[in-house]
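The chain contents come next:
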Amino acid sequence: LQHYFIQSNLSFSNNKMKSLLPTLCSLCLLLTLSSSFFSSTSTEPQITRQHNLGSILLFRELFTASQKEGLRELRSALFGGHWRYYDNEDTPKDGIAWQLPLDSNLLSQSPLWKLINEIIPRKPGEKGVSEHVGSVVRLLRRGDNTRVHSVCSEDEAGYTLTLFLTQLPDKNSYGEVLFFQDDDVHSTIQPAQFNVLLWSCRIPYQFQYPSISTGFGQVMLQITLYDKVDVKPTYLPVEVKPFPELKNLNLPTEFNALDHVTKVSYTSLKRPIYVIDDLFSDEMLGALREHLYLSSQYYYDDSEDEGETDNVHWISGHRNHEFVKSEMWRVINTTLNQVTGHEGWYPHDISCNLNRAWDHTRIHKDCYDREDLTFLLYLTPGYKPGDLGGTVFYEQEDVGTIVTSVQNKFGRVALFHCEIKHAARPPHAYLTHARYTFAVKVARSKLDAVQQELLSDPSILHDFEDEEEKLEEIFIMTEGVGSDPDKLEEVFVDLLHESSGERLEILDESLVTAGK
């Protein structure tokens, strides 16, 4: 078991390992006794369709039970990668917007790649296609604007291979793949989890997105294989960059934020919700959007959140210690000081939230039993009344009563107490592009903010099983630096760098061992 954990790159404390051993040993015994565990495999396709541009092959029995378990681990590791969202003009031609480029060199070292080479069709005496020039994980979600597309032209040779890593809930979840010939459907294939679909890259295809009742997406590993190696990869990895300076040309160094407040609404507890306009120049907003679009790493979580959570699946996190050096923070900090009359605010949670028309957001609070504020900046240009995509605020104990609704307007800010219940609204169904908001959650002091960051970051202090143990460890760390917020932030940054490297190492290791 210890060897298994090492090979899987999982880390457990000694105590946790000991507590898990009885359960794991029982599980291993049950699996060993189960005849279905040693499932038979076959490199022969279970479905074959002949198209005038080549073959369409579906493999349902390529993997053993243990190999499938390794692919499940790969799927979990993928969510820690650097996802990229393609919007509108640069969306891939088949319409699937979410991509996670992989290192093809690492993939070529894996048992999975060896297996792939075994199933590539070959003519007698032909070695077949043994080079691949694009390895990317793709995510197909409900409402995706998929289109008919062929990966290569009719005078090129090669294959498109798709390994399906998600099991859709039932037969009514859709998710089939359509292939076209002479402007009509030639074949339709219904893949399942761990199926491999292989087709000539010349054949036009289209993915049917999952049904509206399917809240999570179909995760697929897609590899483009060519008989030549001078083709450039289609998908490039995200180049993650620090938060930019973002010069604001709209406001002077000294300004009165209260002059920009256009509306104030109050809950029954007298907590205000401020609507603030024209704080930032179009140049700054454009630069911020470009950074969030091109240089941010989005994290995907398709689990159904329980309780009062926002149910936002796509979030791009940003580091407070980088953000506070920017001109944007100067404007936000000045605004907070002037509107609230309190000085000392410091960010503890900065993120870009991305929602689309078919997402299901929920009523939630941003905090419990705290006095934090949320500074919410709307970042989708061109919105007009009727496009929806705003934010609805509710009474504390009566979500049947709406306090106010804030219209989505480019550059507008909603400033509110973190305990006010609210919900983002998806954009109108006729809008295919995403709704972006940039949320800055602030605490009343830097020390409090850094402690909150240590507590909430899932990649740090993950060896502690519950929140009480984490709080105790944070208290010890705080005492160790003499309650100096600057020194505590340095400790946090060091831990952050360590965890970031570990997360990407897990992804690389899962990729190399895929199919083992």
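Residues numbered from 1 in each chain as written. Predicted model: local features only at pLDDT ≥ 70, side-chain atom pairs only at ≥ 80, totals over all residues. Heavy atoms only, no water.

**Student:** Go over the overall build of the protein chain with me, naming the residues and quoting the values.
**Tutor:** Helices and strands together make up the secondary structure of the protein chain, namely eleven helices and 22 strands. Across the 516 residues that make up the protein chain, the buried fraction comes to 51%. Surface accessibility of the protein chain: about 24,600 Å² in total, with carbon and sulfur atoms responsible for 50%. (Helix = DSSP H or I, 4+ residues; strand = E, 2+ residues; numbered from the N terminus. Buried < 20%, exposed > 50% of the residue type's maximum accessible area, 1.4 Å probe, protein only. Areas by Shrake-Rupley, 256 points an atom, 1.4 Å probe, with all protein chains shown as cover.)

**Student:** Kindly report on the sheet that holds strand β16 (residues 346-355), identifying the contributing residues and their values.
**Tutor:** Backbone-to-backbone hydrogen bonds join strands into a sheet, with any given pair of strands oriented parallel or antiparallel. Strand order across the open sheet formed by eight strands is β12-β13-β20-β17-β22-β16-β15-β14, with antiparallel pairing between neighbours. Of all strands in the sheet, those with a lone pairing partner are β12 (261-266) and β14 (298-300), marking the two edges. Strand-to-strand twist of the sheet, defined as the mean angle between neighbouring strand axes without regard to direction, takes the value 25°. Across the face of the sheet, helix α9 (residues 446-456) comes into contact with β16 and β22 (435-443) while running at roughly 50° to β16. (Pairing = 2+ DSSP bridges. Axes fitted to C-alpha atoms, helices over the stretch in contact; angles between N-to-C directions. Contact = heavy atoms within 4.5 Å.)

**Student:** Summarise the sheet that holds strand β8 (residues 184-189); cite the residues concerned and give the values.
**Tutor:** Taken in spatial order, the three strands line up as β8-β7-β10 in an open sheet, and their pairing is antiparallel. The outermost strands of the open sheet, each flanked by one partner alone, are β8 and β10 (205-207). For this sheet the average axis-to-axis angle between neighbouring strands, irrespective of direction, equals 25°. Relative to β10, strand β7 (residues 177-181) is paired through three bridges, and the arrangement is antiparallel. By the bridge assignment, V177 is partnered in β10 with F207.

**Student:** Tell me about the state of the cysteines, and name the residues and values.
**Tutor:** Tallying each qualifying case throughout the model produces two disulfides. Covalently, C152 is tied to C201 through a disulfide, its sulfur atoms 1.9 Å apart. One disulfide, between C152 and C201, carries an S-S torsion of 85° and so falls in the right-handed class. Here C152, found in the loop between β5 (131-140) and β6 (158-164), pairs with C201, found in the loop between β9 (196-200) and β10; they are 49 residues apart in sequence, far enough to count as distant. Each of the two residues, C152 as well as C201, counts as buried. Disulfide partner of C367: C418, at an S-S distance of 1.7 Å. Handedness here is read from the sign of the S-S torsion; for C367 and C418, about 50°, the answer is right-handed. A residue pair is termed long-range when its members are at least 10 positions apart, and C367 in the loop between β16 and β17 (373-378) and C418 in the loop between β20 (413-417) and β21 (422-424) qualify at 51 residues. The same class applies to C367 as to C418, namely buried. Within the protein chain, bonded cysteines paired by disulfides and numbered along the sequence follow the pattern 1-2, 3-4. (Disulfide = S-S within 2.5 Å.)

**Student:** Could you give an account of the packing of α9 against helix α10 (residues 467-480), with specific residues and numbers?
**Tutor:** Two numbers describe how α9 lies on α10: the axes approach to 10 Å, and their chain directions differ by 135°. One element, α9, and the other, α10, form an angle in the oblique class. Seen along the crossing, α9 lies across α10 with a hand that is right-handed. Contact with α9, carried on its side by L447, Q451, L454 and L455, involves E467, K470, L471, I474, M477 and T478 of α10 and no other residues of that element. (Parallel < 35°, antiparallel > 145°, perpendicular 65-115°, else oblique. Left-handed = near helix turned anticlockwise from the far one by under 90°.)

**Student:** Explain the nonpolar core to me, using residue names and the numbers behind them.
**Tutor:** Core analysis: the biggest nonpolar cluster contains 73 residues, and W83, F280, M328, L377 and F438 have the highest contact counts within it. Here this core takes six residues from helix α8 (residues 327-340), the largest share from any one element. Of all hydrophobic cores here, the second largest spans 16 residues; its members include I47, L140, F179 and M220. (Core = buried A, V, L, I, M, F, W, Y, C linked by side-chain atoms within 4.5 Å.)

**Student:** Just give me the short version of the side chain of R370, but keep the residues and values in it.
**Tutor:** By secondary structure assignment, the location of R370 is in the loop between β16 and β17. For R370, a relative accessible area of 18% corresponds to the buried category. Within polar-contact distance, the side chain of R370 engages the side chain of D372 at 2.7 Å. If near-sequence neighbours (up to four positions away) are discounted, R370 is found in contact with H417, C418, E419, A443, D448 and Q452. (Polar contact = N/O pair within 3.5 Å; in protein donor to acceptor, adjacent residues only side chain to side chain.)

**Student:** Please set out the pairing of strand β11 (residues 218-226) residue by residue, giving values where relevant.
**Tutor:** Regular strands show a simple pattern: their side chains alternate between the two faces of the sheet. Judged by how many residues are buried, β11 sits mostly within the fold: nine of nine residues are covered. Of the two faces of β11, the one carrying Q218, M220, Q222, T224 and Y226 and the one carrying V219, L221, I223 and L225 are both buried. Alignment of β6 against β11, held across seven bridges, turns out to be antiparallel. Bridge pairing links Y159 to L225 in β11.

**Student:** Please set out the pattern of salt bridges residue by residue, giving values where relevant.
**Tutor:** This model, assessed by the stated rule, comprises 14 salt bridges. R141 is paired through a salt bridge with D359; the nearest N and O atoms lie 3.4 Å apart. Placement of R141 in the loop between β5 and β6 and of D359 in the loop between β16 and β17 is noted, with a sequence separation of 218 residues between them. Taking the relative accessible area as the measure of exposure, D359 reaches 16% and is therefore buried. With a closest N to O distance of 2.7 Å, R370 and D372 form a salt bridge. (Salt bridge = Lys/Arg side-chain N within 4 Å of Asp/Glu carboxyl O.)

**Student:** How would you sum up a negative patch on the surface? Please name residues and give values.
**Tutor:** Among the surface-exposed residues, E465, D466, E467, E468, E469 and E472 lie close enough to one another that they form a single negatively charged patch. If you trace the backbone, D466 turns up in the loop between α9 and α10. According to the relative accessible area criterion, D466 is partly exposed, its value standing at 39%. (Patch = residues over 30% accessible without salt bridge, like charges linked within 9 Å, V, L, I, M, F, W, Y side chains within 5 Å. Lys, Arg positive; Asp, Glu negative; His and termini not counted. Charge placed at Lys NZ, Arg CZ, Asp CG, Glu CD.)

**Student:** I'd like to hear about unusual backbone geometry, residue by residue, with values.
**Tutor:** If you check the backbone angles, D182 has positive phi at about 55° while not being a glycine. Looking at the secondary structure, you find D182 in the loop between β7 and β8. One non-glycine residue, K270, lies in the positive phi region at around 65°. On the secondary structure map, K270 appears in the loop between β12 and β13 (272-276).

**Student:** Account for α10, with residues named and values stated.
**Tutor:** With 14 residues, α10 should reach 20 Å at 1.5 Å per residue; the first-to-last C-alpha distance of 20 Å fits that figure. Taken as a whole, α10 has its buried residues at K470, I474, M477 and T478. The arc that holds every buried residue of α10, seen down its axis, measures 100°, which confines them to one face. Those residues of α10 that are exposed and aimed more than 90 degrees away from the buried face are E468, E472, F475, E479 and G480. Just downstream of α10 lies G482, where phi reads positive at about 65°. (Expected span 1.5 Å × (residues − 1). Arc of directions from axis to C-beta.)

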